[in-house]
Amino acid sequence: MTFEANVVTQCDFEELDSQIANKINEIAQDAGRGSHGPVMLTDGTTHQHWRAGSYRIFGTYENDLLTVVGWGDHTGTGNSSYKVQLCDGDTTKAKTT
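Values in this document were obtained by computation on a predicted structure and should not be read as measured data.

**Details of the overall build of the chain**
Working step 1: Secondary structure assignment for the chain yields one helix and seven strands.
Working step 2: Each helix and strand of the chain, ordered N terminal to C terminal, gives the series β-α-β-β-β-β-β-β.
Working step 3: Relative to the 2.2 N^0.38 estimate, which gives 13 Å for 97 residues, the radius of gyration of the chain is 12 Å and therefore close to what a compact globule would have.
Working step 4: With respect to the principal axes defined by its C-alpha atoms, the chain has extents near 35 × 30 × 25 Å.
Working step 5: With 97 residues in all, the chain has 38% of them scored as buried.
Working step 6: The contacts of the chain with a sequence gap of at least 6 include a subset with a gap of at least 24, amounting to 37%.
Working step 7: Here the chain displays about 5,500 Å² of accessible surface, and carbon together with sulfur accounts for 44% of that area.

Here you go:
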């Protein structure tokens, strides 16, 4: 998949549909706008998350650079908990803050 020049990620998105790549490029082109707000991963780090269909993309946008750390989807009921597939192959959880 081809990403905008200001996108940094170690994720292998080949297993997902093109909707993810398209949304990542859109986030980069829009300078990070459209975030659904901050989330905190289990390790205590805080990131933004963006919606891409049923998926969520997790990362940061600062200094004109989008850094993607993973993707995931909702767990349980409500819209505040996520299961996240990290780019390094690990999985974790996230909650809205």
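**Observations regarding the pairing of strand 4 (residues 55-62)**
Working step 1: As paired strands, strand 3 (residues 46-52) and strand 4 are joined by five bridges and run antiparallel to one another. Among the inter-strand pairings, Arg51 is bridged to a residue of strand 4, identified as Arg56.
Working step 2: As paired elements, strand 4 and strand 5 (residues 65-74) share seven bridges and run antiparallel to each other. The residue bridging Tyr61 from the neighbouring strand is Leu66, located in strand 5.
Working step 3: In this structure, the hairpin formed by strand 4 and strand 5 is closed by a connection of two residues, where Asn63 is found at a positive phi of approximately 55°.

**Details of the pattern of salt bridges**
Working step 1: For the structure shown, the criterion picks out one salt bridge.
Working step 2: A salt bridge links Glu26 to Lys23, with the shortest nitrogen-to-oxygen separation between them at 3.1 Å. A residue pair is termed a helical-turn pair when its members lie 3 or 4 positions apart in one helix, as Glu26 and Lys23 do in helix 1 (residues 18-29) at three residues.
Working step 3: Owing to a relative accessible area of 37%, Glu26 belongs among the partly exposed residues under this scheme.

**Some remarks on the side chain of His49**
Working step 1: Take His49: it is sitting in strand 3.
Working step 2: Residue His49 is classed as buried on the basis of its relative accessible area, which comes to 2%.
Working step 3: Polar contacts involving the side chain of His49 include one to the main-chain carbonyl oxygen of Gly37, which spans 2.8 Å.

**Here we look at the nonpolar core**
Working step 1: Residues Cys11, Phe13, Ile20, Ile24, Ile57, Leu66 and Val68 are the most contacted members of the largest nonpolar core, which totals 14 residues.
Working step 2: Those elements that provide at least two residues to this core are helix 1, strand 3 and strand 5.
Working step 3: With four residues, the top contributor of residues to this core is helix 1.
Working step 4: Excluding anything up to four places from it in sequence, Ile20 contacts Phe13, Ala52, Tyr55 and Ile57.

Conventions and cut-offs
Residues numbered from 1 in each chain as written. Predicted model: local features only at pLDDT ≥ 70, side-chain atom pairs only at ≥ 80, totals over all residues. Heavy atoms only, no water. Helix = DSSP H or I, 4+ residues; strand = E, 2+ residues; numbered from the N terminus. Rg over C-alpha atoms; globule rule 2.2 N^0.38 Å. Buried < 20%, exposed > 50% of the residue type's maximum accessible area, 1.4 Å probe, protein only. Contact = heavy atoms within 4.5 Å. Areas by Shrake-Rupley, 256 points an atom, 1.4 Å probe, with all protein chains shown as cover. Pairing = 2+ DSSP bridges. Salt bridge = Lys/Arg side-chain N within 4 Å of Asp/Glu carboxyl O. Polar contact = N/O pair within 3.5 Å; in protein donor to acceptor, adjacent residues only side chain to side chain. Core = buried A, V, L, I, M, F, W, Y, C linked by side-chain atoms within 4.5 Å.

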